[in-house]
Amino acid sequence: MNSLIIYFIVFSSANFSIEESVRQFLPLLLLTIIPISFWIIYHVKTKKYTDTDVSDRKQRKGFYFFIAASILTYLTFVYLRYERTDFVLIFLLILLIAMQISNYFIKSSMHTALNLFVAALMVTINPLYGLIWLGITIAVGFSRIVLKRHTRAEVLSGAVISSFVSFIYLYTQIQTQ
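Description of the structure in this document. Here the structure is a predicted model, which is why all the values come from computation and not from measurement.

### What about the overall build of the protein chain?
Along the backbone of the protein chain there are 7 helices and 0 strands. Each helix and strand of the protein chain, placed in order from N terminus to C terminus, yields the pattern α-α-α-α-α-α-α. The C-alpha atoms of the protein chain give a radius of gyration of 16 Å, which matches the 16 Å a tight globule of 177 residues would have. For the C-alpha atoms alone, the extent of the protein chain along its principal axes is close to 40 × 35 × 25 Å. By the burial criterion, 42% of the 177 residues in the protein chain qualify as buried.

### Here we look at the packing of aromatic side chains
The way to describe two aromatic rings as a pair is by their centre distance and the angle between their planes. Tallying each qualifying case throughout the model produces 8 aromatic pairs. In this structure an aromatic cluster arises from ring pairing among Y7, F8, F11 and F16.

### Considering the packing of helix α5 (residues 110-125) against helix α7 (residues 152-176)
Closest axis-to-axis distance for the α5/α7 pair is 7 Å, and the angle between their directions is 25°. Classed by the angle they form, the pair α5 and α7 counts as roughly parallel. In this structure, α5 meets α7 at a crossing whose hand is right-handed. Every residue of α7 that contacts α5 at T112, A113, L116, F117, A120, L121, V123 and T124 is listed here: V155, G158, A159, S162, S163, V165, S166, Y169, L170 and Q173. The residue inventory of the contact of α5 with α7, partitioned by class, reads 11 nonpolar, 7 polar and no charged.

### Focus on helix α6 (residues 127-146)
Compared with the 28 Å implied by 1.5 Å per residue over 20 residues, the 29 Å span of α6 between its first and last C-alpha is a close match. Within the sequence span of α6, burial applies to G130, W133, T137, V140, G141 and R144. Summarising the axial view, the buried residues of α6 lie within an arc of 100°, below the 170-degree limit, and thus occupy one face. When the buried face of α6 is taken as reference, the exposed residues oriented beyond 90 degrees from it are L128, L131, F142 and V146.

Rules behind the numbers
Residues numbered from 1 in each chain as written. Predicted model: local features only at pLDDT ≥ 70, side-chain atom pairs only at ≥ 80, totals over all residues. Heavy atoms only, no water. Helix = DSSP H or I, 4+ residues; strand = E, 2+ residues; numbered from the N terminus. Rg over C-alpha atoms; globule rule 2.2 N^0.38 Å. Buried < 20%, exposed > 50% of the residue type's maximum accessible area, 1.4 Å probe, protein only. Phe/Tyr/Trp six-rings, centres within 6.5 Å; stacked < 30°, edge-to-face > 60°. Axes fitted to C-alpha atoms, helices over the stretch in contact; angles between N-to-C directions. Parallel < 35°, antiparallel > 145°, perpendicular 65-115°, else oblique. Left-handed = near helix turned anticlockwise from the far one by under 90°. Contact = heavy atoms within 4.5 Å. Nonpolar A, V, L, I, M, F, W, Y, C, P; charged D, E, K, R; others polar. Expected span 1.5 Å × (residues − 1). Arc of directions from axis to C-beta.

Given below as structure tokens:
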């Protein structure tokens, strides 16, 4: 989630004034980031989650649904309030749904998937940023293995799923420009 926050800060600083950035970011913060963070903290404190990574496959199922509900709430708000569609969050939702489906078969690395998606998002701002974030993604993938949070197959699974979603996102971006 921190990676997405960094992306939104970089994107906002490249495209908006400070006032406009706050206006754009505040709904995202209030409708997705804060609720998801509190959800995780609450479930760790009540011992429903074993850790803040939500590493357990069974625990992830409900977590994915909560994230999806938060994203849908944000997308609805943005559409009704500003009459626009936030394609970044739509593709993030698609990635989340794909990860949820894969979770029934293999515990794919959401850290790797999310960071690879952020690398694709960064490419749209500046290709160099995308390459830098790709390096961060590789480091994150290795760290997940070293920390024994995921196997190589789980990290690779997250990367493959995210590659498909990221490719479609980038293709869509190119077509709309």
